[in-house]
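Below are the chains, spelled out letter by letter.
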Amino acid sequence: MSEYLVDIKNERLSFFTPAGEVKALNDVSIHLREGEVLGIVGESGSGKSVTAYSLMGLTAYPGKLIGGSLYFNGHQVEEMTDKEMRKIRGNEISIIFQDPMTSLNPVYTIGNQIMEAVLLHTDKTKAQARDRAKELLELVGINEPEKRLRQYPHELSGGMRQRVMIAIALACEPKLLIADEPTTALDVTIQAQILELMMELKDKLGMAIIMITHDLGVVASMCERIAVMYAGKVIEYGTTEDIFYNPKHQYTKGLIRSIPRIDAKVHERLIPIEGTPVDMLNPPKGCPFAPRCEACMKICLREMPPVTNFDRVHYTQCWLNQKEEMEKGAAK
Amino acid sequence: MSEKQNSFIQVEHLQQYFPAGGFGKNKKYIQAVDDVSFTIGRGETLGLVGESGCGKTTTGRTLLRLYEPTGGRFVYDNEVIFDVEKKQFVDMLPYRKRMQIVFQDPYASLDPRMTVGDIVGEAIDVHKMAANKQERYDIIIEMLRRVGLNSEHANRYPHEFSGGQRQRVGIARALAVRPEFIVCDEPISALDVSIQAQVINMFEDLQEEMGLTYLFIAHDLSAVKHISNRIGVMYLGRMVELADSYELITRPLHPYTKSLISAIPIADPKIAKESKRIALQGDVPSPLNPPSGCRFRTRCPYADERCAHEAPVWREVDRGHFSACHHIDRLE
């Protein structure tokens, strides 16, 4: 047994493409407790979705887990068979996807799709499942649930469809909800509604949430812990306060600096992170961020930095931090 | 009126209805843009924000006559581009040299079978801007340099570039004819966060170097606030508020603008936890059949009888601060 609900240790996952091996996850460790909200931020291709999908056993071909252990709620995910996995998927662990337009089946009614999850994982009868579906629609704030149950996805707006997705995900009161960019396709006012709903439901049902997003604004208001990913590695991990007020890694610092602030009075020039994202087929030899890093040292280009711990929670993978901590230690 | 006469760009009562089925009396129209008026001074940036389907993109495209306008007047540098009432439409070809557009999706807006050099060079050919091959090549290279690419990129194809680089190519293409006015249609939405700041800075530098005027369309209010001198907010085809960008953010008058600003996730955990969202109920109504009177009334917390009967008048509430709402005086 672990003290955590989710405990991913040293996960390595590669996609074996015709062009060569893409190391999508390279030594990723993430954990969270029950009822905790963890945000994973990073650019496209940094491995944030892949991490979450692998926890659900949803790694797509030609991806393959090649190392590490994935623990979830008493299960050792990497050892489970497909059949065992199907039992917990949608039951103990659920996911909502980015695009509510394509993740609902257009030829089935809303009611049908919610009932499917209920019927699969409980021994409720059809009539009971229907009642449960109605209840769920009310829970996610959809009016006239009776009518909506008979409607098809195309009859609903984007925000409504995302609510339906959440209803399906919550059908069996999961322990962990993975939200993969749940509001990226939605407008700001609708995004605010959905985020509020997720937080409300979290308090009501006590589930843990992994929030995958590239929007630092979304994690700032929702999450307790944040993992910043870059090129298949967690380069910084800490509490929300650590990440926003005391970022240590150059990438995190740059990311926070580069967002325009809405409350800025005078026009200040933005400070971007120069360069382009890593080519995952030909990653640099040392630290993947080194080619874009302002404080790049010789060793950064040769070797991947080890983990530097600042306290029990906060850590980075950066040579500069390593050096600073060493000097601090030596001074003492 | 004197300010209006001096304005570089004057848009008056712009209307764009798209036919959407039906015959004769029953013919239906999507009222994408309805009665939108604004001006832009030379060298100024006007931001246009709003949720999807509010008509901001249609406004930009109609001005460039990528859609034929169904109503209104557009005066560009004291020359009438179109005046629908007087059935006056000029030949656009000479004006295409002066007005250009940068599209949202850098993946879809570049021809995959043309080299980057030819993509940028096409406009030069159309407008016969180069006397010979050498001159054409020189212009192409200069444009690529301006956007931070170099000469070796000219012979490559779009698929060899990252999203941010492709957007640079799209910008170089727009710049090739040395325009005065550029419609930037969500140019940063498809880019990674760390790249967005690079592109925003580039837009600012180019504006300074080449004296450009921008109509900057986006749904990300923080980015628009950063780059724009003034901001217009649209809702369901109508402009609801227009003001200096700092004024608009700090002292919004229209209830829609207020809720829009409050819905923006702020990338600062302390502020995010304190700030109160003004949650809007429901979804945006269909532009096929917009609500009578004020179009925002179905979601507005202050709506009353009058809003249903009477469309609010677009007026200058304060110096340079325009809005259309019956209840502005009450709300302040």
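See the structure printed just above.
What you see is a predicted model, and the numbers here were worked out from it, not measured in a lab.

Asks: Help me understand the environment of Leu104(A), please; the structure alone is not making it clear to me.
Replies: Residues and elements named next belong to chain A. You can see Leu104 is positioned in the loop between β6 (93-96) and α3 (110-121). By C-beta crowding, Leu104 is classed as buried, having 20 other C-beta atoms within 10 Å. Considering only alpha carbons, one finds Leu104 and Leu139, 35 residues apart in sequence, at a separation of 19 Å. With residues near it in sequence (within four places) discarded, Leu104 still touches Gln113, Pro153, Arg161, Val164 and Met165.

Asks: What is the right way to look at helix α1 (residues 48-55) of chain A in this model?
Replies: Across the 8 residues of α1(A), 7 count as buried, placing the element largely inside the fold. Listed in full, the buried residues belonging to α1(A) are Lys48(A), Ser49(A), Val50(A), Thr51(A), Ala52(A), Ser54(A) and Leu55(A).

Asks: Sorry if this is basic, but what is going on with the sheet that holds strand β11 (residues 238-244) of chain B here?
Replies: The strands making up a sheet associate through hydrogen bonds between their backbones, and the pairing can be parallel or antiparallel. Residues and elements named next belong to chain B. Reading across the sheet, the 8 strands line up as β7-β8-β9-β3-β10-β11-β13-β12 and stay open at both edges, with mixed pairing between neighbours. Two strands bound the open sheet, and with one partner strand each, they are β7 (99-102) and β12 (315-318). Across the sheet, the mean angle separating the axes of adjacent strands is 20° when strand polarity is ignored. Across 4 bridges, the pairing between strand β3 (residues 45-49) and strand β10 (residues 230-235) is parallel. When the bridges of β10 are listed, Leu48 appears paired with Gly232. Across the face of the sheet, helix α6 (residues 163-175) comes into contact with β7 and β8 (181-185) while running at roughly 175° to β7.

Asks: Where do I start with the interface of chain B and chain A in this structure?
Replies: In many reports, interface size means the accessible area that the parts give up when they come together. At the junction of the two partners, chain B supplies 35 residues and chain A supplies 37 residues. Mapped onto the side of chain B that touches chain A, the elements with two or more residues apiece are α6, α7 (193-210), α8 (221-227), α9 (245-250), α10 (255-263) and α11 (269-274) of chain B. For the side of chain B that touches chain A, the leading source of residues is α7(B), giving 6 residues. When its residues are assigned to classes, the side of chain B that touches chain A shows 17 nonpolar, 11 polar and 7 charged.

Asks: Teacher, can you tell me more about the sheet that holds strand β1 (residues 9-19) of chain B here?
Replies: All names here are of chain B. On the basis of which strands lie adjacent, the open sheet formed by 5 strands has the order β2-β1-β4-β5-β6 and antiparallel pairing. The open sheet has two edge strands with one neighbour each: β2 (29-40) and β6 (88-89). Examined bridge by bridge, strand β4 (residues 71-76) and strand β5 (residues 79-83) share 4 bridges and lie antiparallel to one another. Bridge assignment links Arg73 to a residue of β5, and that residue is Asp83.

Asks: How should I be thinking about helix α4 (residues 126-139) of chain A in this particular structure?
Replies: Helical periodicity: at 3.6 residues per turn, an α-helix aligns residues three or four positions apart in one direction. Residue and element names in this part refer to chain A. Here α4 spans 20 Å end to end across 14 residues, near enough to the 20 Å set by a 1.5 Å rise per residue. Within α4, the full set of buried residues consists of Ala129, Ala133, Leu136 and Leu137. Angular distribution of buried residues about the axis of α4 spans 100°; they occupy a single face of the element. Residue Gly141 follows α4 closely and has a positive phi angle near 80°.

What counts as what
- Residues numbered from 1 in each chain as written.
- Chains lettered and ligands numbered in written order.
- Predicted model: local features only at pLDDT ≥ 70, side-chain atom pairs only at ≥ 80, totals over all residues.
- Helix = DSSP H or I, 4+ residues; strand = E, 2+ residues; numbered from the N terminus.
- Buried ≥ 20, exposed ≤ 12 C-beta atoms within 10 Å, placed from the backbone.
- Contact = placed C-beta atoms within 7 Å.
- Pairing = 2+ DSSP bridges.
- Axes fitted to C-alpha atoms, helices over the stretch in contact; angles between N-to-C directions.
- Nonpolar A, V, L, I, M, F, W, Y, C, P; charged D, E, K, R; others polar.
- Expected span 1.5 Å × (residues − 1).
- Arc of directions from axis to C-beta.

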